[in-house]
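# Structural overview
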Amino acid sequence: MPNSKGYIEAGSIEALNQHLCRLIEGNGCPQELISAASYVLPFTAAFVVVNRRGQCPIHLCDTYAPGPPKEAVQRYVSSTYLLNPVYNAFLSGLAPGLHSMADLAPDNWSHADLTTPVLPDIREEIGYRTPGWPAGLQELSLTVDLDADTMGEVSFARPASQGGFPPDLIVPLLPFYPLFATGFRALWSRHPQNTGRPEASHPVLEDFARDLLSPREQQVVQMILKGHSSLSISLTLDIAVPTVKTHRKHAYAKLGISTQQQLFGAFLAWQTGSA
């Protein structure tokens, strides 16, 4: 870790390089990415996944505590990833590099008090959390282009109460990014699930309620699920805010729901049943 003056000790650099060299040479495991980062970045937990278009992310490893936190990671890769800002940014062509979750999140993640498969929580930087996920975390993602349809991701978490990930905390990691990227690509090149063969597609957000809603209602519902406010939807779709609210009202009626909380629950129930 950097010392009080921001310098990284020589022993830390050597240890970081050893972890990444093992990956590059073909002798390491996904955990090496997390272990290497621990020498230059303070975090309390991390996970490594490979994001894929039209597929669930592939979980490679994580350091979340056993029980609800670790179960939450599995719930994320099986369902709630579809609402995640990093995953949706990947679908939109996210550039490789280091990304704060908050910087990728929409403008207004709503909150409520009831319990559903996704827990809206105004204390969270993206406004919700998967059940079991530790509360009050900020996240930083190191992303790597693996090929046109896959993106490697190392997601680091740190409590907001400890300061999260301010820019000065991230700076020591930046010079080592090329090594992390090379190590991740080497890891993926020999991973058994990197077969190059197409798999059956999983449900995508655009398929939700397709048989019930009009195309415009679908657009509005999808943006609500991603966390956009009525104003954001209005500006993005170039329609008036009252029109957004009308489409939302009609969509909710067709879905048999009345709140955004219930919309999250309906989406997760559909996604799980369609997987």
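Given the structure is predicted, the values throughout are model-derived calculations rather than measurements.

## Side note on the pattern of salt bridges
Within this structure, the stated rule accounts for 5 salt bridges. With its nearest N and O atoms 2.7 Å apart, the salt bridge here joins K70 to D62. For K70, a relative accessible area of 29% puts it in the partly exposed group. Linking E217 and K254 is a salt bridge whose minimum nitrogen-to-oxygen distance equals 2.8 Å. In this pair, E217 is assigned in helix 8 (residues 215-226) and K254 in helix 10 (residues 241-255), connecting sequence segments 37 residues apart. Overall, K254 belongs to the partly exposed group, its relative accessible area being 41%.

## Brief notes about the packing of aromatic side chains
For any pair of aromatic rings, the description consists of the separation of the ring centres together with the inter-plane angle of the planes. For the structure shown, the criterion picks out 7 aromatic pairs. Each ring, one from F43 and one from F156, has its centre 4.9 Å from the other, and the planes form 50°; the classification is tilted. Remark: F156 occurs in strand 7 (residues 150-159) and F43 occurs in the loop between helix 2 (31-37) and strand 1 (45-52); sequence separation between them is 113 residues. Ring centres of F208 and F267 lie 5.5 Å apart, and the angle between their planes is 90°; this geometry places the pair in the edge-to-face category. Here F267 lies in helix 11 (residues 260-274) and F208 lies in the loop between helix 7 (177-189) and helix 8, a separation of 59 residues in the sequence. Across the pair, F267 and F208 agree in class, each one buried.

## Focus on the environment of L263
Summarising the element assignment, L263 is placed in helix 11. Among the residues examined, L263 registers a relative accessible area of 0% and is labelled buried. Each residue touching L263, except ones within four places of it in the same chain, is listed here: F208, V221, I224, L225, Y252, L255 and I257.

## A word on the state of the cysteines
Inspection of every chain in the model, using the stated rule, returns 0 disulfides. A disulfide-free cysteine, C29 has its sulfur positioned 6.9 Å from the sulfur of C61, the nearest such atom.

## Some points on the sheet that holds strand 6 (residues 137-147)
Pairing in this open sheet of 5 strands is antiparallel, and the strands run 2-1-7-6-3 from one edge to the other. Whereas interior strands pair on both sides, the edge strands pair on one side only; in this sheet they are strand 2 (55-62) and strand 3 (97-100). Going across the sheet, the axis of each strand differs from the next one's by a mean of 25°, ignoring polarity. Across 10 bridges, strand 6 lies against strand 7 in antiparallel orientation. If you follow L137 over to strand 7, its bridge partner there is P159. Strand contacts of helix 3 (residues 68-78): strand 1 and strand 2, with the helix running at about 155° to strand 2, the strand carrying the most contacts. Along the sheet, helix 7 makes contact with strand 1, strand 2, strand 3, strand 6 and strand 7, crossing strand 6 at roughly 60°.

## Here we look at the environment of T80
With respect to the helices and strands, the residue T80 is situated in the loop between helix 3 and helix 4 (85-91). Classification of T80 by relative accessible area gives buried; the value is 0%. As for T80 and F267, which are separated by 187 residues in sequence, their C-alpha atoms are 9.6 Å apart.

## Notes on unusual backbone geometry
Generally, phi is negative for residues other than glycine and the peptide bonds are trans, each holding for most cases. Unusually for a residue other than glycine, A209 sits at a positive phi of about 60°. With respect to the helices and strands, the residue A209 is situated in the loop between helix 7 and helix 8. Although it is not a glycine, D238 adopts a positive phi angle of roughly 60°. You can see D238 is positioned in the loop between helix 9 (230-237) and helix 10. A relative accessible area of 70% places D238 in the exposed class.

## A closer look at the nonpolar core
Among the nonpolar cores identified, the biggest contains 41 residues, and F208, L225, L263 and F267 are the most heavily contacted of them. When residues of this core are traced back to their parent elements, those giving at least two are strand 1, helix 3, helix 4, strand 7, helix 8, helix 9, helix 10 and helix 11. Top contributing element to this core by residue count: helix 8, with 5 residues. Not counting chain neighbours up to four residues away, the residues in contact with F267 comprise L82, L83, L205, F208 and L225. In terms of nonpolar packing, the next biggest core, distinct from the first, is built from 32 residues, L60, C61, L146 and F165 among them.

Reading the values: the criteria
- Residues numbered from 1 in each chain as written.
- Predicted model: local features only at pLDDT ≥ 70, side-chain atom pairs only at ≥ 80, totals over all residues.
- Heavy atoms only, no water.
- Salt bridge = Lys/Arg side-chain N within 4 Å of Asp/Glu carboxyl O.
- Buried < 20%, exposed > 50% of the residue type's maximum accessible area, 1.4 Å probe, protein only.
- Helix = DSSP H or I, 4+ residues; strand = E, 2+ residues; numbered from the N terminus.
- Phe/Tyr/Trp six-rings, centres within 6.5 Å; stacked < 30°, edge-to-face > 60°.
- Contact = heavy atoms within 4.5 Å.
- Disulfide = S-S within 2.5 Å.
- Pairing = 2+ DSSP bridges.
- Axes fitted to C-alpha atoms, helices over the stretch in contact; angles between N-to-C directions.
- Core = buried A, V, L, I, M, F, W, Y, C linked by side-chain atoms within 4.5 Å.

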